Structures are given as structure tokens and as C-alpha cells.
Amino acid sequence: MEFFLILFVVLSVLFFVLFVFFYFLHKRNLKILKGISHIISDSEENIPIIKMIDVLKEMKANLETRYSEATKSRENMRIILQNVSDGILIVDSEGKVTINNSAVCEFLGIENCVLEGKKLVEIVENYDMLNFIDKNLKEFTNGSTEISIVYPQRRYLKCDAIPVILKENEHVLIVVIKDITSERELDNFRREFISNVSHELKTPLTSIHGYAETLLDDDFKDVETVKHFLEIIENESARMSRLINDLLDLQKLEEGKTKFEFQNIDLSKIVDYVSRIVKPMADSLGVELKISCNKEIYVYGDFDRLVQAVLNLTDNAIKYTAQKESGVKSVEVSCEIINENECQIRVKDTGIGIPSDALSRLFERFYRVDKARSRKVGGTGLGLSIVKMIVEAHNGQIKVSSELGKGSEFTIILPILSKVSPKNGDSIPA
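Just so it is clear, the structure is predicted and the values come from calculations on it, not from any experiment.

Visitor: Mind laying out helix α9 (residues 303-322), listing which residues take part and the relevant values?
Guide: Between the first and last C-alpha of α9 there are 28 Å, a value that for 20 residues agrees with the 28 Å anticipated at 1.5 Å per step. Its side-chain oxygen at 3.0 Å from the backbone nitrogen of Asp 304, Asp 302 defines the N-terminal cap of α9.

This is how it looks when you write it as C-alpha cells:
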């Protein structure tokens, strides 16, 4: 009996303790719910628990939506940044990269483009670039400079540094890197072009001026000398005239102002026309001229311009072959079908040849393998540039191969008639 009494007392005490515990726990939960209710309703009113659950679900959905939009916005911004052609590099106050795009890696030759969190000294090898960023980061000022790099390829880069203070007083430096290689190369090309033109004009003008002065002081008794001086003046004047005409021709071709009269042309007629022009010169210089051309190879092109191109190549071949001191002196002009889509005109000589290191620059303006020899045969240094532009205007290409001392071979490849379409802006007869 006593046992049951003791058990009853123990259970009663335990029940009372649990009751008190859950009572206070309930009050605490009610207090928490009341606080949440006040936060949600932004007032002193109590919201029913069921309604509170609905409100919390709605808030959760809103937060998920906002988080999704923020994530999407961040990803979109990253995609936009990656597609910007200029390099964008953001560096924090410790010199660590926080954001970059792929253009930075392309410009600086960085293979692994995961740069975030890395220090600049670990990824950038160019001293001028590091020095520029470090200086503007320490001084926290705007700056601009131009940097030349050689790896992975020669580039000229314009770098602009922009200091920015973010929230919570976080200092970062935005570096915008722009590739200005084309602009610098164009500037260099212009300077070189002006220098070349000036030099090419100065040489004949100096000769003309010198011989004219000599003639003015002469008593004209020595007729042969006077005639010789006048011949030099005439030759130099003709060279100046050729240079100016070539310059004007080249300018018109580049600007698209040259009108091409496209028509159906048999290549054999072009080769025959050129051969009739150069045959007397070849005979007088002791160069054998060989002609080999299949009949009825038709292209769609400008007869006069194609004659100009083939004539230039043949004229050069004859003159430079004549410079050869010994051995066979011959020039062969041929045309043939390569395949169902293309045909070719070949000008092959047994002349002095061209050094292999000069072949890549052969079609540059004013480039001469041997300047003295080129001037001797009357070249302006622009002929091959004009030939290349004429061929390209016919949707064709020109190739050259040569072996020093053995001769050279120039090949013009053109689309066969049915495959040719003239360049935009070319004049086409009805």
C-alpha cells in the first residue's frame, strides 16, 4: 500500500513539473510568435497562427524570387563583362583580383583565366603593367598609360585606372585595357609610307636638279654630254611620273573608286596580248619568252586590269632574268585549269631569284629585295601591291615561290567563269 502511495506522489510531482515546463515553454513560444506577428504586421495587432504561416510562406517565396533574380542579374552581368572587347580588371586594396574578363587573359597571354583571389604579381609578368597598377592603387588616383607587350604576340595596350570606393569603405581599382595595336600599326605605316614616298621622289628630283644646274652652267659645245644629261633628266622625270601614277592607281583601288568592267574573258587572249607587248623587250635583252596557254579558259573579269597584272609580273620576270650573269635566260607565261572551280596564270622565270626571307614582304608597298637593282630596271616598289589588289578584286589569290639563283614563279589563281561574282561596287555591263 505504501508503495503505491509513494508512486502516486512521485508521478504527481513529475506531472506537475512537466506541466510547469510546458506552460512556460508555451508562454515563451507565444511571446516569440507575438514578436514575429508584430514584425510581419508592423503593428501591435496579433495575427492568427494560421495566417502567420501563410504570411511566412509568402515571405519565403518572395525571398527565393529575389535571390533568384539577384543570381540571374549577377550571371548576366558576368556574361556581359566576358563579351566586352576591352579588358576589365578589378583589383582590391591588397592587390588581389576580384573580377576580370576573358579579354584580360587574351591580351596578357594568361592560359588559365581563373584569376579571382590571386595577386597580380602571380599572374602578370609585364613589369610596366604591374608598376602602373601598383602606383595607382597606392596613390588611389586616376591614371592612363600605353604598354607594349611581346607575348603571346606583339600588342600595344592602352590602360586606364579608375579608383572606386564601394560600400563599407571598400577601395578597389578598375583597370580598363584597350588593344590599340591596329591604331599604332596604322600610325607606323603612315609614317613609313610618307618617308618612302618622300625618299622615292627626292632621288629623281635631286638628279634632275643636279643635271639641270650643270646644263645651265654649260656652254653647250659638247653636244653628246648635253644629250646624255637630258636623257637622264627625261628618265628621272618618267620614273617620277610612273611613281605618281602607281600611287594614284593604288589609292583608287584601296578606296574602291576604281571601276571594273567585268565581262567574259578568255585567259589565252590576255596572255597573247601581254606577250605581244613584251616580246620586243625580251628579244632585246636576250631573254627567251615562252607562251603556253590552253584555249577557252573563261573567267569573269576586267580585261585591262588583268592585262595590267600579268604584264607587271611578266615585265619584272624579263628584266630581272636579264640581270642574270650566266646560264639559261627564259620566261614562261602559261595558263591552265586547276580543277572544276579554278584556273591559273603562271609566270615562271630562270632569273636571279628571291631570298626566302623576303617572300613574305614581297607584296608590301615600296618593299624591294634589292633597291639599287630595282631602280635600275625602273621599278617603283608599288607594282606587286597593285597586282595583288587587282587579283583580290577578282576573288582570286596570288602565290609566289622562288629559289635564289634559280628563278621565281608567280601564280595567279582565279575562279572559273561560273564560280565568279564581282566585288560589291564593281561596274558590270548589261
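Visitor: Outline the packing of aromatic side chains, supporting the account with residue identities and numerical values.
Guide: Evaluated as defined, the whole model comprises 4 aromatic pairs. On the basis of an interplanar angle of 35 degrees and a centroid distance of 5.9 Å, the ring pair of Phe 260 and Phe 262 is categorised as tilted. As far as burial versus exposure is concerned, Phe 260 and Phe 262 are alike and both buried. On the numbers, 6.5 Å between centres and 85 degrees between planes, the contact of Phe 363 with Phe 410 is edge-to-face. Here Phe 363 is found in the loop between β10 (342-349) and α10 (371-376), whereas its partner Phe 410 is found in strand β12 (residues 407-415), with 47 residues between them in sequence.

Visitor: Which residues make up the nonpolar core, and what values do they have?
Guide: For soluble globular proteins, the rule of thumb is that nonpolar side chains tend to be buried together. Within the largest apolar cluster, 51 residues are counted, with the highest numbers of intra-cluster contacts made by Leu 267, Leu 313, Val 331, Phe 410 and Ile 412. It is α9 that contributes the most residues to this core, 7 residues altogether. In this structure Leu 267 touches Cys 293, Ile 297, Val 299, Cys 335, Cys 343, Gln 344, Ile 345 and Leu 414, once residues within four positions along its chain are discounted.

Visitor: Would you mind going over the environment of Ser 93 in detail, with residue names and values included?
Guide: Inspection of the secondary structure assignment puts Ser 93 in the loop between β1 (87-92) and β2 (97-100). Classification of Ser 93 as exposed rests on a relative accessible area of 55%. Separated by 79 residues in the primary sequence, Ser 93 and Val 172 have C-alpha atoms spaced 5.9 Å apart.

Visitor: Report on the side chain of Asn 101, specifying residues and quantitative values.
Guide: Considering the arrangement of structural elements, one finds Asn 101 in the loop between β2 and α3 (102-108). In this structure the side chain of Asn 101 is engaged in a polar contact, spanning 3.0 Å, whose partner is the backbone oxygen of Leu 81. One polar contact links the side chain of Asn 101 to the main-chain carbonyl oxygen of Asp 86, over a distance of 2.9 Å. Leave out the neighbours within four places in its chain, and Asn 101 touches Leu 81, Gln 82, Val 84, Asp 86, Gly 87, Ile 88 and Cys 113.

Visitor: Hey, could you go over the environment of Leu 157 for me, with residue numbers and the actual values?
Guide: Mapped onto the elements, Leu 157 comes out in strand β4 (residues 155-165). Given a relative accessible area of 0%, Leu 157 falls into the buried group. Between the C-alpha atoms of Leu 157 and Asp 179, which are 22 residues apart in sequence, the distance is 4.8 Å. Setting aside chain neighbours within four positions, we find Leu 157 in contact with Phe 107, Leu 108, Met 129, Thr 145, Glu 146, Ile 147, Ile 149, Ile 177, Lys 178, Asp 179 and Ile 180.

Visitor: So, the pattern of salt bridges: which residues are in play, and what are the values?
Guide: Evaluation of the coordinates by the stated rule reveals 15 salt bridges. Note that Asp 134 is salt-bridged to Lys 138, the shortest N-O span being 3.3 Å. Separated by 4 residues within a single helix, Asp 134 and Lys 138 lie in helix α5 (residues 127-139), roughly one turn from each other. What makes Asp 134 partly exposed here is its relative accessible area of 35%. Classification of Lys 138 as exposed rests on a relative accessible area of 66%. With a shortest N-O distance of 3.1 Å, Arg 184 and Asp 187 are connected by a salt bridge. Remark: Asp 187 and Arg 184 occur in helix α6 (residues 181-216); sequence separation between them is 3 residues, near one turn of the helix. Classification of Arg 184 by relative accessible area gives partly exposed; the value is 25%. Among the charged side chains, a network of salt bridges with common partners joins Glu 106, Arg 155 and Asp 179.

Visitor: Can you lay out a negative patch on the surface for me, pointing to particular residues and giving the numbers?
Guide: Taken together, the side chains of Asp 219, Asp 222, Glu 224, Glu 231 and Glu 234 present a region of like negative charge at the surface. Structurally, Glu 224 can be placed in helix α7 (residues 223-255).

Visitor: With reference to specific residues and values, describe the state of the cysteines.
Guide: Counted according to the given criterion, the structure contains 2 disulfides. Disulfide pairing places Cys 105 opposite Cys 113 at an S-S distance of 1.9 Å. Of note, the bridge from Cys 105 to Cys 113 carries an S-S torsion of about 90 degrees and is right-handed in sense. The side chain of Cys 293 participates in a disulfide bridge whose partner is Cys 335; the two sulfur atoms lie 1.3 Å from each other.

Visitor: A description of the environment of Ser 292 should follow, citing residues and the corresponding values.
Guide: Position of Ser 292 among the secondary structure elements: in strand β7 (residues 288-293). You can call Ser 292 partly exposed: its relative accessible area is 37%. If we ignore the near neighbours within four places in the chain, the residues touching Ser 292 are Glu 332, Val 333, Ser 334 and Cys 335.

Visitor: Summarise unusual backbone geometry; cite the residues concerned and give the values.
Guide: Phi at Phe 140 is positive, roughly 50 degrees, even though this residue is not glycine. Structurally, Phe 140 can be placed in the loop between α5 and β3 (143-149). On the basis of relative accessible area, Phe 140 is assigned to the partly exposed category, the value being 24%. Of note in this structure, Glu 168 is not a glycine but carries a positive phi near 60 degrees. Along the chain, Glu 168 falls in the loop between β4 and β5 (171-179).

Conventions used here
Residues numbered from 1 in each chain as written. Predicted model: local features only at pLDDT ≥ 70, side-chain atom pairs only at ≥ 80, totals over all residues. Heavy atoms only, no water. Helix = DSSP H or I, 4+ residues; strand = E, 2+ residues; numbered from the N terminus. Expected span 1.5 Å × (residues − 1). Polar contact = N/O pair within 3.5 Å; in protein donor to acceptor, adjacent residues only side chain to side chain. Phe/Tyr/Trp six-rings, centres within 6.5 Å; stacked < 30°, edge-to-face > 60°. Buried < 20%, exposed > 50% of the residue type's maximum accessible area, 1.4 Å probe, protein only. Core = buried A, V, L, I, M, F, W, Y, C linked by side-chain atoms within 4.5 Å. Contact = heavy atoms within 4.5 Å. Salt bridge = Lys/Arg side-chain N within 4 Å of Asp/Glu carboxyl O. Patch = residues over 30% accessible without salt bridge, like charges linked within 9 Å, V, L, I, M, F, W, Y side chains within 5 Å. Areas by Shrake-Rupley, 256 points an atom, 1.4 Å probe, with all protein chains shown as cover. Lys, Arg positive; Asp, Glu negative; His and termini not counted. Charge placed at Lys NZ, Arg CZ, Asp CG, Glu CD. Disulfide = S-S within 2.5 Å.

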